[in-house]
Amino acid sequence: MINVGVVGAAGRMGKTLVTALQESKELQLSAAIEQAGLPVIGTDAGEIAGVGANGILVAEDLEVACGQVDVLIDFTIAPVTVANVAVCLSQGCKMVIGTTGLDETERKGIKAAAETIAIVHASNFSVGVNATFKLAEIAAAILGDDFDVEITEAHHRHKVDAPSGTAVTLGEVVAATLGRDLGKVAVYGREGFTGERDRQTIGFNSIRAGDIVGDHTVMFAGDGERIEITHRAQSRMNFAMGALRAAVFAAKQDAGLFDMQDVLGLKSINV
Ligand code: NAD
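Each value, and the rule that gives it
- Numbering of residues begins from 1 in every chain and follows the order in which that chain's sequence is written.
- Confidence filtering applies because this is a predicted model: local features only for residues at pLDDT of at least 70, side-chain atom pairs given and counted only at 80 or more, and all residues used for totals across whole chains, interfaces and linings.
- To obtain the side-chain values, all non-hydrogen atoms of the structure were used and water was disregarded.
- When the centres of two rings from Phe, Tyr and Trp lie within 6.5 Å, Trp using its six-membered ring, the rings pair. Their planes under 30 degrees apart give stacked, over 60 give edge-to-face, and anything left gives tilted.
- Strands are runs of DSSP state E lasting at least 2 residues, helices are runs of H or I lasting at least 4, and numbering of each runs from the N terminus.
- Exposure is judged per residue with a 1.4 Å probe applied to protein chains only, and the accessible area is read against the type maximum: over 50% gives exposed, under 20% gives buried, and values in between give partly exposed.
- The pairing criterion is simple: DSSP has to find at least two bridges between the two strands.
- Should any heavy atoms of two residues lie within 4.5 Å, those residues are considered in contact.
- The axes used here are C-alpha line fits, helices contributing only the stretch in contact, and every angle between their N-to-C directions lies in the interval 0 to 180 degrees.
- The path from the first strand over the helix to the second decides the hand: if it runs clockwise while the strands point away from the viewer, the crossover is right-handed.
- In this description, a nonpolar core means a group of buried Ala, Val, Leu, Ile, Met, Phe, Trp, Tyr and Cys residues linked to one another through side-chain atoms lying within 4.5 Å.
- Residues are counted as near a molecule or strand when any one of their heavy atoms sits within 4 Å of it.
- Side-chain atoms alone can form a polar contact between residues adjacent in sequence; in general such a contact is a pair of N or O atoms within 3.5 Å, and within protein one must be able to donate a hydrogen while the other accepts it.
- To measure how exposed things are, a 1.4 Å probe is used in the Shrake-Rupley method; for residues, cover is taken only from the protein chains shown.
- Domain delimitation in this document rests on an assignment produced automatically or drawn from a domain database.
- Here the quantity called buried area is the accessible surface, traced with a 1.4 Å probe, that two parts lose on coming together, added over both.
- Note on definitions: salt bridges are taken to be side-chain nitrogens of Lys or Arg within 4 Å of carboxyl oxygens of Asp or Glu.

Q: Explain the packing of aromatic side chains to me, and be specific about the residues and the numbers.
A: Enumeration according to the criterion identifies 3 aromatic pairs in this entry. Aromatic pair Tyr-188 and Phe-204: ring centres 5.2 Å apart, planes at 20 degrees, arrangement stacked. Here the residue Tyr-188 occupies a position in strand β8 (residues 186-188), and Phe-204 occupies one in strand β9 (residues 202-208), the gap between them amounting to 16 residues. Judged by relative accessible area, which is 52%, Tyr-188 ranks as exposed. Ring geometry for Phe-249 versus Phe-258: centroids 5.1 Å apart, planes at 80 degrees, classification edge-to-face.

Q: Give me the sheet that holds strand β2 (residues 27-33): which residues, what numbers.
A: With respect to topology, 7 strands assemble into an open sheet ordered β3-β2-β1-β4-β5-β6-β12, the strand pairing being parallel. This sheet does not close on itself; its edge strands, each paired only once, are β3 (58-59) and β12 (256-258). With 4 bridges connecting them, strand β4 (residues 71-74) and strand β5 (residues 94-97) associate as parallel partners. The residue bridging Val-71 from the neighbouring strand is Lys-94, located in β5. With respect to the sheet, helix α4 (residues 78-91) is in contact with β1 (2-7), β4 and β5, its orientation differing from that of β5 by roughly 165 degrees. Sheet strands touched by helix α5 (residues 104-113): β5, β6 (118-121) and β12. Its angle to β6, the strand with the most contacts, is close to 145 degrees.

Q: Pulling in residues and values, what's your account of the pairing of β4?
A: The two faces of β4 match: Val-71 and Ile-73 on one face and Leu-72 and Asp-74 on the other face are all buried. Where β1 meets β4, 4 bridges bridge the pair, whose relative direction is parallel. Considered in β4, the bridge of Val-7 is made with Asp-74. A crossover connection joins β4 to the parallel β5 through α4; in handedness this β-α-β unit is right-handed.

Q: Talk me through the sheet that holds strand β10 (residues 214-221); I want residue IDs and the actual numbers.
A: Read across the sheet, 5 strands follow the order β8-β9-β7-β10-β11 without closing on themselves; strand pairing throughout is mixed. Whereas interior strands pair on both sides, the edge strands pair on one side only; in this sheet they are β8 and β11 (226-233). Here the strands of the sheet are splayed against their neighbours by 15 degrees on average, with no regard to which way each runs. One ladder, built from 3 bridges, connects β8 with β9; its direction is parallel. Bridge pairing in β9 links Tyr-188 to Phe-204.

Q: Lay out the nonpolar core in plain terms, naming residues and giving numbers.
A: Membership of the largest hydrophobic core comes to 37 residues, with the highest contact counts inside it found for Leu-17, Leu-27, Ile-73, Val-96, Val-120 and Phe-125. Secondary structure elements with two or more residues in this core: β1, α1 (12-23), β2, α2 (45-49), β4, β6, α9 (237-251) and α10 (260-263). When residues of this core are assigned to their parent elements, the largest contribution, 8 residues, is made by α9. Ignoring anything within four residues of it in the chain, the contact list for Phe-125 reads Phe-75, Val-96, Ile-97, Gly-98, Val-120, Asn-130, Asn-238, Phe-239, Gly-242, Ala-243, Ala-246 and Met-260. Judged by nonpolar contacts, the second largest core, of 23 residues, contains Val-129, Ala-139, Val-173 and Leu-178.

Q: Any details on the site of the ligand? Residues and values, ideally.
A: In the vicinity of the ligand lie 20 residues, with Arg-12, Met-13, Glu-34, Thr-100 and Phe-125 positioned nearest. Contact distances for the ligand include 2.8 Å between an oxygen atom and a backbone N or O atom of Arg-12. The protein chains hide 76% of the 860 Å² of surface that the ligand would expose on its own.

Q: Describe the environment of Thr-177, naming the residues involved and giving the relevant values.
A: Inspection of the secondary structure puts Thr-177 in helix α7 (residues 165-177). Not counting chain neighbours up to four residues away, the residues in contact with Thr-177 comprise Glu-137, Ala-140 and Ala-141.

Q: Tell me about the domain arrangement of the protein chain, residues and numbers included.
A: Partitioning the protein chain into domains gives domain 1 (2-121 + 236-268) and domain 2 (127-233). For domain 1 versus domain 2, the separation of C-alpha centres amounts to 31 Å. Each partner contributes to the interface: domain 1 provides 7 residues, whereas domain 2 provides 7 residues. Together, Asn-238, Gln-261 and Leu-266 form the three largest contributors to the area buried by domain 1 at its contact with domain 2, with a combined 56%. Linking domain 1 with domain 2 are 0 salt bridges, by the criterion used here.

Q: Tell me about the pairing of β1, and please be specific about residues and values.
A: Most of β1 sits inside the fold, with 5 of its 6 residues counted as buried. Examined bridge by bridge, β1 and β2 share 6 bridges and lie parallel to one another. Looking at the pairing, Val-4 lines up with Leu-29 of β2. You can see the chain leave β1, run along α1 and come back into β2, and the turn it takes is right-handed.

Here it is, written out as structure tokens:
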């Protein structure tokens, strides 16, 4: 069994990871870490996740926890992740990092640490989303410039930014495949007298409504036919399952910086 630690164990993703680990045949939860001083310290991580006691009490000392785990899974906030990378580096502990919002300098720090320890870092751990990126790349390569590309995403009413990072990545994948610069061809929403569509543009449309976890569609529309590739997230469990796959992958690497395309072997599929 691979021993896994979860930092931010009482957070939304932390609880989902603890839940997903209950079912794993390759990984076991060996440490759960939370912010020092929180009332959850000393509480059973399984009880916090709502899956029943699992005997792992939430701790606040990452250095001690690192001694008990092969891979640390970190879905917290950028400054915390940066500090955790330093601890993991000193302890030789491998990492799966899901935290978003890291700036250029922080990402460089992760890259430098990955020269010594194995790190999987991805802004989206969903296996389905990463498959969708590849499917969009294949479709763009086949369809070329004869099809108009429109990307639509829908999220819950609490999301504060648009378009979603995943929609932007979809646009980047398609633009790169078609030899376009997304910064120059992206069109965000349309209103009023827009004129005819420029065939080179890639359109983005965002819906914000209710409790939608996250839907993404990339549409390739030609004359007389269209293709739509859609991914729908129904819960956070898809991110957790992807992160667990990444943990199994990381455990087998000595060092290096990897993403979900590496974990899923998608880089070797040439289009
Ligand atoms: P959350 O706020 O529910 O959870 C974060 C947890 O980190 C909290 O429980 C908090 O107490 C804990 N924390 C804060 N400081 C800490 C410290 N010093 N030590 C230990 N724990 C500490 O947030 P969330 O929704 O679970 O998201 C967490 C991160 O994961 C965000 O950056 C989010 O964008 C990202 N995320 C990434 C993916 C992906 O696929 N890569 C998917 C979902 C969320």
